[in-house]
Amino acid sequence: MKILGIESSCDETAAAVVEDGRKVLSNIIATSLEEHKLYGGVVPEIASRRHAESISGVVKEALEQADCTMADIDAIAVTYAPGLIGALLVGVNFAKGLALATDTPLVPVHHIRGHIASNYISSDIEPPFLCLIVSGGHSHIVAVNSYTDFEIIGKTRDDAAGEALDKAGRTMGLEYPGGVSIDKLSPQGNENAYKFPKPKVSDSPYDFSFSGLKTAVINTVHHAQQKGEDIDIADLAASFQKSVVDCLITNLEKVAVEKSFNKIVIAGGVSANSKLRAEAQALCKKHKWSLYLPELRYCGDNAAMIASQGYYEFVQGERADESLNAYATMPIDKNYKTI
């Protein structure tokens, strides 16, 4: 069964063809990242315009690379939530038009479910398992009970880990995306040079809070500038990254131990972070747990992960019609049929 996936939730316009949820036949991405670097972050209007310009060509290239025509496609899977609303609407409306024109079933896919599915195309992992999802907009600990059944155990109460890293990187004067720049610079620094607070959420042992950490690094930079003091940016980057990863790993370990999970999965854009990957490996080695990490090429936004998750949603009977809409926010445990 071949699924055409379409992804346009942020600044990547992507299309892919995946067979039986696991075998990637094509994975095409057009990004407007370089343009957004000029502004230090994603500009929604620019992202939406670039999606509109690129999506037709990206889908065509994905089909050609997979040696397919629409007659070979069993269903079209499209990201409908969450994300930038204007960006999502480009992908959703293109997918609806294509589905209607070719009489192909349309499958709505939650973007974060797609990130989890990046592990299905990278390994032989099967549910149930515990997944830490870390991206620019999301930080969740989720029990994946089946391919389409998700239970949120912990989540951020404010900023996502990826957002905190990006904003800290911008404050340090590093190139956007700040999280990637921090990861590249950190090996040159002393991760114990700066001490940052370890935020806790009083009414939930599993939830995260990164707003205070972000504020702490911003204040560190601003105070030094006001006093005319020099800052070792490599030390600061390494110390901040260590603090963020410590928060993620501490809560992940707590959940896995207390709820008896022995299969651990990491997903989302920040799953490419070298510090997070190393600490996750050390954690799982310590407890003799199995660890699954997506290939680096599938960590960021892509359509192969959407097609993969779309396959499992399609098998479970998930369908959408021409009334499908896009949503800027949507809990991962909410199914399209229950909106």
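Residues numbered from 1 in each chain as written. Predicted model: local features only at pLDDT ≥ 70, side-chain atom pairs only at ≥ 80, totals over all residues. Heavy atoms only, no water.

## Some points on the packing of aromatic side chains
Alright, step 1. Applying the stated criterion to the full structure yields nine aromatic pairs.
Alright, step 2. Taking 6.2 Å as the distance between ring centres and 90° as the angle between the ring planes, the aromatic pair formed by tyrosine 80 and tyrosine 327 counts as edge-to-face. On the criterion of sequence distance, the pair formed by tyrosine 80 in strand 4 (residues 75-81) and tyrosine 327 in the segment after helix 10 (304-315) is long-range, its members being 247 residues apart.
Alright, step 3. With a relative accessible area of 2%, tyrosine 80 lands in the buried category.
Alright, step 4. Given the relative accessible area of 27%, tyrosine 327 is considered partly exposed. (Phe/Tyr/Trp six-rings, centres within 6.5 Å; stacked < 30°, edge-to-face > 60°. Helix = DSSP H or I, 4+ residues; strand = E, 2+ residues; numbered from the N terminus. Buried < 20%, exposed > 50% of the residue type's maximum accessible area, 1.4 Å probe, protein only.)

## A look at helix 8 (residues 233-258)
Alright, step 1. Along its 26 residues, helix 8 runs 38 Å from first to last C-alpha, staying within 8% of the 38 Å computed at 1.5 Å per residue.
Alright, step 2. Between a side-chain oxygen at the N-terminus of helix 8 and the backbone nitrogen of alanine 234 the separation is 3.1 Å; the capping residue is aspartate 232.
Alright, step 3. Looking at the residues trailing helix 8, positive phi occurs at serine 260, about 60°. (Expected span 1.5 Å × (residues − 1). Polar contact = N/O pair within 3.5 Å; in protein donor to acceptor, adjacent residues only side chain to side chain.)

## As for the sheet that holds strand 1 (residues 2-7)
Alright, step 1. Ordered in space as 3-2-1-4-5, the five strands form an open sheet in which the pairing is mixed. Both edges of this open sheet fall to strand 3 (23-31) and strand 5 (106-110), since each of them pairs with a single strand only. Between one strand and the next, the sheet's axes are offset by a mean angle of 20°, whatever the strand orientation.
Alright, step 2. Summarising the sheet, strand 1 and strand 2 (residues 12-19) pair through six bridges and their orientation is antiparallel. Bridged to lysine 2 within strand 2 is glutamate 19.
Alright, step 3. Against the sheet, helix 10 makes contact with strand 1, strand 2, strand 3, strand 4 and strand 5, and its axis sits at roughly 125° relative to strand 1, the strand it touches most. (Pairing = 2+ DSSP bridges. Axes fitted to C-alpha atoms, helices over the stretch in contact; angles between N-to-C directions. Contact = heavy atoms within 4.5 Å.)

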